[in-house]
Amino acid sequence: MANRKRTVTASEVQDVLNYFGKCPICNHPARAWHITARFDDGGVESQTVAACGGWCGWKGPVNPTPMTGDTAVLTQGQSMIGSAAASSLPAALRRTDVPPLR
């Protein structure tokens, strides 16, 4: 069963409100989202990703270390199930080159 392909049964996207990181390419401010995925085998994985707010289009995984307080301040999540999840993601995260959740 080691090669069994898992299926996402539910996912949630939350804005990280106190993330004040900058793009590593062009130094514009970046926005961050915390994404959680639940799988049909009961597993749960999450990752924080950020996207450039400027012109370069960078996006990638980031450490969720906030600039204020000890923990990330998250919005109430948007729950998504199935194919509707992809269209509900923030536009910057819809491309397929975003790394998989770990």
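## Considering the nonpolar core
Here is step 1 of the chain: Ranked by size, the top nonpolar core spans 10 residues in total: Val16, Tyr19, Cys23, Cys26, Ala30, Ala32, Ala50, Cys52, Trp58 and Val62.
Here is step 2 of the chain: If you list the elements that add at least two residues to this core, you get strand S2 (30–39) and strand S3 (44–52).
Here is step 3 of the chain: What Ala30 contacts, discounting residues up to four positions off in sequence, is Tyr19, Gly21, Lys22, Cys23, Ala50, Ala51, Cys52, Gly53 and Trp58.
Here is step 4 of the chain: If you look at the next biggest cluster of nonpolar residues, it comprises 5 residues, including Trp33, Ile35, Val49 and Ala51.

## What about unusual backbone geometry?
Here is step 1 of the chain: Non-glycine residue Asn27 carries a positive phi angle of around 70°.
Here is step 2 of the chain: Looking at the element boundaries, Asn27 is found in the loop between strand S1 (8–15) and S2.

## With respect to the environment of Lys22
Here is step 1 of the chain: Mapped onto the secondary structure, Lys22 falls in the loop between S1 and S2.
Here is step 2 of the chain: Setting aside chain neighbours within four positions, we find Lys22 in contact with Asn27, His28, Pro29 and Ala30.

## Notes on the packing of aromatic side chains
Here is step 1 of the chain: Overall, the coordinates contain 0 aromatic pairs when judged by the stated rule.
Here is step 2 of the chain: Between the NZ or CZ atom of Arg6 and the centre of the ring of Phe39, over which it lies, the distance is 3.8 Å.

## Looking at the pattern of salt bridges
Here is step 1 of the chain: This model, assessed by the stated rule, comprises 4 salt bridges.
Here is step 2 of the chain: One salt bridge connects Asp41 with Arg6, and the closest N-O pair in it is separated by 3.6 Å. With Asp41 in the loop between S2 and S3 and Arg6 in the segment before S1, the pair connects residues that are 35 residues apart, well separated along the chain.
Here is step 3 of the chain: Looking at Asp41, the relative accessible area reads 43%, which means it is partly exposed.
Here is step 4 of the chain: Arg6 sits in the partly exposed class, given a relative accessible area of 31%.
Here is step 5 of the chain: With its nearest N and O atoms 3.1 Å apart, the salt bridge here joins Asp15 to Arg31. Linking Asp15 in strand S1 with Arg31 in strand S2, this pair joins segments that are 16 residues apart in sequence.

Cut-offs used in this document
- Residues numbered from 1 in each chain as written.
- Predicted model: local features only at pLDDT ≥ 70, side-chain atom pairs only at ≥ 80, totals over all residues.
- Heavy atoms only, no water.
- Core = buried A, V, L, I, M, F, W, Y, C linked by side-chain atoms within 4.5 Å.
- Buried < 20%, exposed > 50% of the residue type's maximum accessible area, 1.4 Å probe, protein only.
- Helix = DSSP H or I, 4+ residues; strand = E, 2+ residues; numbered from the N terminus.
- Contact = heavy atoms within 4.5 Å.
- Phe/Tyr/Trp six-rings, centres within 6.5 Å; stacked < 30°, edge-to-face > 60°.
- Lys NZ or Arg CZ within 6 Å of the ring centre and 35° of its normal.
- Salt bridge = Lys/Arg side-chain N within 4 Å of Asp/Glu carboxyl O.

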